[in-house]
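Descriptive structure summary
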2 protein chains.
Amino acid sequence: MNAEVYQKWLSQLRKGFLELCVMAVLRQKHSSYGFELLQIFNKAGITINEGTLYPLLNRMFKNGWLDSNWEVPVDGGHPRRFYRLSNLGKKQLIEMLDAHQQHNLSLEQLQECA
Amino acid sequence: MNAEVYQKWLSQLRKGFLELCVMAVLRQKHSSYGFELLQIFNKAGITINEGTLYPLLNRMFKNGWLDSNWEVPVDGGHPRRFYRLSNLGKKQLIEMLDAHQQHNLSLEQLQECA
DNA sequence: AATAATATATTGTATAGCATAGTATTATTA
DNA sequence: TAATAATACTATGCTATACAATATATTATT
């Protein structure tokens, strides 16, 4: 019962954070797609649902933070929707990482003296 | 228009994080109340609304993370509802700080190689 | 032929931050 | 003394996001 409350809190903590994760990967890899991102996140210890990621990517695309195009693998396989950071996304990411670090600094400050 | 989207993202990023802030302060100060917490947060660069904090404190109390009692200042003044970390809250805080740090580590990892 | 893996999309639910407004007490100031 | 500001908490309605569950389609494997 208490574990349930904690799990709900955890999913709240992920809000906003996942955008940062997507953009951080895209800055490194230049380009990726949903299914691959899910695997990359899993390896990094971030387990998110498909139903979370795909709408998230769609929202970020609509925000103009990502560019997107469909690609069919040359060696056959299911078509993939690839995403890249747009110019706006690149600028935005810097601000977002900044805000994230500001959060960390604030928390540290609160833990010190208060 | 784009700044608006960013502001909305910022308020999402605060979800779950504010619990951490409240509990971090209460671990240091032992006890505090809403209005004081607002001021402490402000000094630490965390500007949140009353309509965010008071319901938050209420939820945390209902979760059993906080204990609470009313106090009337001896030198006069408006009655204040004080909050303290409960024993459950103390345990929970450790887990929550852990989860928060795990997020940071994951993000760092994603930024490195991907 | 059946199943698993790959890949994306959609729908409904619950929750939290926010804006706003309301209530009440004390302190200040004109 | 009347009006205003500061202190302090509560309640309501809105919006956006993470999640669970489901659906769909293609390729690979058994």
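Everything discussed here concerns the structure shown above.
An account of the accompanying structure is given in this report. Everything numeric here is computed off the predicted structure, so don't read it as measured data. (Residues numbered from 1 in each chain as written. Chains lettered and ligands numbered in written order. Predicted model: local features only at pLDDT ≥ 70, side-chain atom pairs only at ≥ 80, totals over all residues.)

1. What about the overall build of chain A?
Let me state the cut-off plainly: Numbering of helices and strands starts at the N terminus; helices are DSSP runs of H or I of at least 4 residues and strands are runs of E of at least 2. With C-beta atoms placed from the backbone, a residue is buried if 20 or more other C-beta atoms are within 10 Å of its own, exposed if 12 or fewer are, and partly exposed between those counts.
Along chain A, the regular secondary structure elements total 5 helices and 3 strands. Walking chain A from its N terminus toward its C terminus, one meets helices and strands in the order α-α-β-α-α-β-β-α. Principal axes of the C-alpha set define a box for chain A whose edges measure 60 × 40 × 25 Å. Taking all 114 residues of chain A together, 24% fall into the buried category.

2. Description of the protein's contact with DNA strand D
Applied cut-off: Each residue gets a C-beta atom placed from its backbone. If that atom is within 6 Å of a molecule or strand, the residue is near it.
Around DNA strand D there are 29 residues in total, and G51 of chain A together with Y33, G34, G51 and Y54 of chain B lie nearest to it. If you list the elements that add at least two residues to the surface near DNA strand D, you get α4 (50-62) of chain A together with α1 (2-13), α3 (34-43), α4 (50-62) and β3 (80-85) of chain B. Per-element tally for the surface near DNA strand D: the top contributor is α4 of chain A, with 6 residues.

3. Re the protein's contact with DNA strand C
Note the cut-off: The nonpolar class holds Ala, Val, Leu, Ile, Met, Phe, Trp, Tyr, Cys and Pro. Asp, Glu, Lys and Arg form the charged class, and all remaining residues, Gly among them, are polar.
Around DNA strand C there are 29 residues in total, and Y33, G34, F35 and G51 of chain A together with G51 of chain B lie nearest to it. Elements with a minimum of two residues in the surface near DNA strand C: α1 (2-13), α3 (34-43), α4 and β3 (80-85) of chain A together with α4 of chain B. For the surface near DNA strand C, the leading source of residues is α4 of chain B, giving 6 residues. Its residues assigned to classes, the surface near DNA strand C shows 8 nonpolar, 13 polar and 8 charged.

4. Some points on the relation of the copies chain A and chain B
Heads up, the rule is: Fitting of the copies onto one another was done by least squares over C-alpha atoms, counting residues only where both copies have pLDDT of at least 70. Placing a C-beta atom from the backbone of each residue, one calls two residues in contact when those atoms lie within 7 Å.
With an axial shift of 0.0 Å and an RMSD of 0.0 Å, the rotation relating chain A to chain B amounts to 180 degrees. The superposition operator between the copies reduces to a two-fold rotation axis. Judged by C-alpha distance, K15 of chain A is the residue of chain A that lies nearest the rotation axis, at 3.3 Å. Both copies present the same face, since 97% of the interface residues in chain A are matched by interface residues at the equivalent positions in chain B.

5. Overview of the interface of chain A and chain B
Listed by partner, the interface residues are 35 residues for chain A and 35 residues for chain B. Counting only elements with at least two residues in the side of chain A that touches chain B, the list comes to α1, α2 (17-29) and α5 (87-112) of chain A. Of the residues forming the side of chain A that touches chain B, the biggest block, 12 residues, is contributed by α5 of chain A. Taken together, the residues of the side of chain A that touches chain B sort by class into 19 nonpolar, 12 polar and 4 charged.

6. Here's the deal with the pairing of β3 of chain B
Residues and elements named next belong to chain B. Spelled out, the test is: The rule for pairing is simple: two strands pair if DSSP sees at least two bridges between them.
Across 2 bridges, the pairing between strand β1 (residues 32-33) and β3 is antiparallel. Pairing of S32 across the sheet is with Y83, part of β3. Note that strand β2 (residues 66-71) and β3 share 6 bridges and pair antiparallel. Pairing of N69 across the sheet is with F82, part of β3.

7. Points about unusual backbone geometry
Residues and elements named next belong to chain A. Its identity as a non-glycine residue notwithstanding, H30 has a phi of 70 degrees, on the positive side. As for its placement among the helices and strands, H30 is situated in the loop between α2 and β1 (32-33). Residue classification places H30 among the exposed positions, given that 11 C-beta atoms sit within 10 Å.

8. Let's talk about the sheet that holds β1 of chain B
The 3 strands are arranged β1-β3-β2 (chain B) in an open sheet whose pairing can be described as antiparallel. Of all strands in the sheet, those bounded by a partner on one side alone are β1 and β2 of chain B.

9. Side note on the packing of α2 of chain A against α5 of chain A
Residue and element names in this part refer to chain A. Short version of the rule: Helix axes are fitted to C-alpha atoms over the stretch in contact, other axes to C-alpha atoms as well, and angles between N-to-C directions run from 0 to 180 degrees. For classification, angles of less than 35 degrees are called roughly parallel, those exceeding 145 degrees roughly antiparallel, those between 65 and 115 degrees roughly perpendicular, and all remaining angles oblique. Here is the rule for handedness: rotate from the far helix to the near one, and if that takes an anticlockwise turn smaller than a right angle the crossing is left-handed, while a clockwise turn gives right-handed.
Put simply, α2 and α5 touch, their axes get as near as 10 Å, and they point 125 degrees apart. Considering the angle they form, α2 stands oblique to α5. Note that α2 runs across α5; the crossing there is left-handed. When α2 is examined against α5, the residues E19, L20, M23 and R27 are found in contact with a partner set consisting of G89, L93, M96, L97 and H100.

10. Considerations on the sheet that holds β3 of chain A
Residues and elements named next belong to chain A. Strand order in the open sheet formed by 3 strands is β1-β3-β2, with antiparallel pairing between adjacent strands. Each end of this open sheet is capped by a strand with a single partner; those strands are β1 and β2 (66-71). Helix-sheet contacts for α2 involve β1 and β3, and the interaxial angle to β3 is about 85 degrees.

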